[in-house]
Amino acid sequence: MKAADFRRIALSMPGASESAHMDHPDFRVGGKIFATLGYPNKHYGMVVLSPEEQERFVKSDSAAFTSAKGGWGLRGSTCVRLEDVDAPTLQRAVEIAWRKRAPKRLI
């Protein structure tokens, strides 16, 4: 996957928009961030999952998914190595992150 693929998938979610946070492109729904690009570097994206979902993704594909460092990671922020994730898996992770943040009217 490339950054453009991550962006396309994130923006395909209903009500999603692109903005920026801490010098990284981010993707929001209802004003809340559900994904970012370029963290911790240009080879990664990040999705905001529950800690339980994060654990499932890391266990099933540790080459593509890792916990973000510090408290963010403990709360479910999950780094996605773009070159190691396939499209269906990334789509599923982004959808889960979007559902976690989306207003009920969009779900």
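Each residue is numbered by its place in its chain's sequence as written, counting from 1. Per-residue local features are limited, in this predicted model, to residues with pLDDT of at least 70; the limit for side-chain atom pairs, both in listing and counting, is 80 or more; totals at the level of whole chains, interfaces and linings are taken over all residues. Remark: hydrogens and water are excluded; side-chain values derive from all non-hydrogen atoms of the structure.

Explain the packing of aromatic side chains to me, please; I cannot follow it from the model alone.
Two descriptors summarise a pair of aromatic rings, namely the distance from one centre to the other and the angle between the planes of the rings. Within 6.5 Å between ring centres, the rings of Phe, Tyr and Trp (the latter by its six-membered ring) count as paired, and their orientation is classed by plane angle as stacked under 30 degrees, edge-to-face over 60, tilted in between. Enumeration according to the criterion identifies 2 aromatic pairs in this entry. When the centroid spacing of 4.9 Å and the interplanar angle of 50 degrees are considered together, the rings of Phe57 and Phe65 count as tilted. Assessed through its relative accessible area of 0%, Phe65 is described here as buried. Only lysine NZ and arginine CZ atoms are considered, and such an atom sits over a ring when it is within 6 Å of the ring centre and within 35 degrees of the ring normal. The residue whose ring lies beneath Arg75 is Trp72, and the NZ or CZ to ring-centre distance is 4.9 Å. For every residue, the accessible area obtained with a 1.4 Å probe (protein chains only) is divided by the maximum for its type, and the residue is called buried under 20%, exposed over 50%, and partly exposed between those limits.

Teacher, can you tell me more about the environment of Ser50 here?
Only runs of H or I of at least four residues qualify as helices and only runs of E of at least two qualify as strands under DSSP, and these elements are numbered from the N terminus. Within the secondary structure, Ser50 is located in the loop between strand E4 (44-48) and helix H2 (51-60). Sequence separation of Ser50 and Arg75 is 25 residues, and the distance between their C-alpha atoms is 6.7 Å. Pairs of residues are marked as contacts when any of their non-hydrogen atoms sit within 4.5 Å. Leave out the neighbours within four places in its chain, and Ser50 touches Gly76 and Lys100. A polar atom in the side chain of Ser50 sits 3.0 Å from the backbone nitrogen of Glu53. Each polar contact in these results corresponds to two N or O atoms within 3.5 Å; when the atoms are within protein, one needs to be able to donate a hydrogen and the other to accept it, and residues that are neighboring in sequence are counted only if both atoms are side-chain atoms.

Please clarify how the pairing of E4 should be interpreted in this entry.
Of all 5 residues making up E4, 5 are buried, and the element is well covered by its neighbours. Covered by surrounding structure in E4 are Tyr44, Met46 and Val48 together with Gly45 and Val47, the residues of both alternating faces. In this description, strands pair whenever DSSP reports at least two bridges between them. Pairing analysis gives 3 bridges linking strand E3 (residues 32-37) to E4, with the strands arranged antiparallel. Bridge assignment links Leu37 to a residue of E4, and that residue is Gly45. Hairpin remark: E3 followed by E4, antiparallel, with 6 residues in the connecting loop; positive phi at Gly38, about 85 degrees. Here E4 runs beside strand E6 (residues 77-81); their pairing, made up of 5 bridges, is antiparallel. Of the residues in E6, the one forming a bridge with Met46 is Cys79.

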